[in-house]
Amino acid sequence: MLSCEETVLLQIRPFRETGYLLKGFSKDKGIISFLIQGVRGKSKRKSNFHLFAPYEFVYYDSNKSELKRIKEHAYLGGSFEHNPMRDFIATFCAEIFIEAVKEEELSMELFELLHNASLSLSQATELSEFHFGFIRQLISISGIAPQAIRKDDSQAFDLLEANFVDPKHQIDLRNLLDLEESRLFEGFINNKRPFAKNGEERFILLDLILRFLEIQLPGFRRPKSVEVLHAVLHD
């Protein structure tokens, strides 16, 4: 039986000599994995797939396998021009999403976030803080949005409690940010743009966000692409 899914592509891996294994988040099934063969190699017409981009996949739907074999596919985004910085951000955002979202999770809100972000990224001219805005929305949808109210500048943010607290009253300081870090994180929580003044602050802020996700989301692992992103955007 043939089925059709609108999907934002999150992972692309070569498979044997002519194929790809693809993972994406679809409108109707959430996380879904595909196999497509005969699309690469010297004797084949190359098929370029773009990470963090919307596609329509027509595939053979069999209950016997979670890996769906693609019959036809169509790119649903706008005009696409390769931009190394945009490619790095797309890779990072895709990895963040895979780490943050459970395999079985199905959400139209998550799909719309991905779909809109993929289109926005393809058209964006200012890229240095795109990933912060995406993560902020993902945190909100995931139900782990921290308390945004900071009573005064003496309060510090606790990554475990996800709240601003008085450092004097805290016994365990391991997850407590210092006052400057708390200021940066407060701006991120409250969507105060720009999130950071320069590359150094962006470096610090991203590290704080990843620490927050590691504490709040069981099993969350830092994306492998974070070091490359630091080198490109935060130096």
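Numbering of residues starts from 1 in every chain and runs along the sequence as written. Local features in this predicted model are restricted to residues of pLDDT 70 or higher, and side-chain atom pairs are both shown and tallied only at a pLDDT of 80 or more, whereas totals for entire chains, interfaces and linings draw on every residue. Processing note: side-chain calculations cover all non-hydrogen atoms of the structure and skip hydrogens and water entirely.

1. Description of the sheet that holds strand 2 (residues 19–26)
Next up, step 1: Strand pairing is defined by DSSP finding a minimum of two bridges between the two strands. For the purposes of this entry, the term helix denotes a DSSP run of H or I that reaches at least four residues, the term strand denotes a run of E that reaches at least two, and both are numbered from the N terminus. The five strands lie next to each other as 1-2-3-5-4, forming a closed barrel whose pairing is mixed. Averaged over all pairs of adjacent strands, the angle between their axes in this sheet comes to 55°, without regard to strand direction.
Next up, step 2: The pairing of strand 1 (residues 2–15) with strand 4 (residues 54–60) spans seven bridges and is classified as antiparallel. Of the residues in strand 4, the one forming a bridge with Val8 is Pro54.
Next up, step 3: Helix 1 (residues 84–100) contacts strand 1 and strand 2 of the sheet and is inclined by roughly 110° relative to strand 1.
Next up, step 4: Note on definitions: a residue-residue contact is assigned when non-hydrogen atoms from the two residues lie within 4.5 Å. Only C-alpha atoms enter the line fits that serve as axes; for helices the fit covers just the stretch in contact. Angles between N-to-C directions range over 0 to 180 degrees. Along the sheet, helix 2 (residues 108–123) makes contact with strand 1, strand 2 and strand 4, crossing strand 1 at roughly 60°.

2. Some thoughts on the side chain of Ser26
Next up, step 1: Residue placement: Ser26 occurs in strand 2.
Next up, step 2: Setting aside chain neighbours within four positions, we find Ser26 in contact with Glu5, Glu6, Thr7, Ile32 and Phe111.

3. Observations concerning the nonpolar core
Next up, step 1: Here the nonpolar core consists of buried residues drawn from Ala, Val, Leu, Ile, Met, Phe, Trp, Tyr and Cys, with membership extended through side-chain atoms lying within 4.5 Å. Burial status follows relative accessibility: with a 1.4 Å probe on protein chains alone, a residue under 20% of its type maximum counts as buried, one over 50% as exposed, and anything between as partly exposed. With 52 residues, the main nonpolar core has Phe52, Phe134, Ile135, Phe185, Phe188 and Leu213 as its most contacted residues.
Next up, step 2: Contributing elements (two or more residues each) for this core: strand 1, helix 1, helix 2, helix 3 (130–141), helix 4 (179–189), helix 5 (199–216) and helix 6 (226–233).
Next up, step 3: Among residues more than four places away in sequence, those in contact with Phe52 are Val8, Leu9, Leu10, Ala90, Cys93, Ala94, Leu114, Ala117, Ser118, Leu121, Phe130 and Phe134.
Next up, step 4: Counting residues in each nonpolar core, the second largest holds 13 residues, with Leu9, Phe49, Ala53 and Phe57 among its members.

4. Regarding unusual backbone geometry
Peptide bonds are mostly trans, and most non-glycine residues show a negative phi.
Next up, step 1: With an omega of -5°, the peptide bond between Arg193 and Pro194 qualifies as cis.
Next up, step 2: Its location among the elements puts Pro194 in the loop between helix 4 and helix 5.
Next up, step 3: A positive phi angle, close to 55°, is found at Arg16, a residue other than glycine.
Next up, step 4: Position of Arg16 among the secondary structure elements: in the loop between strand 1 and strand 2.
Next up, step 5: Although it is not a glycine, Ala162 sits at a positive phi angle of roughly 55°.
Next up, step 6: The class of Ala162 is buried, set by a relative accessible area of 13%.

5. Considerations on the environment of Val101
Next up, step 1: Looking at where Val101 falls in the secondary structure, it is placed in the loop between helix 1 and helix 2.
Next up, step 2: Classification of Val101 as buried rests on a relative accessible area of 7%.
Next up, step 3: Sequence separation between Val101 and Leu119 is 18 residues; the distance between their C-alpha atoms is 20 Å.
Next up, step 4: Among residues more than four places away in sequence, those in contact with Val101 are Phe25, Leu110 and Leu138.

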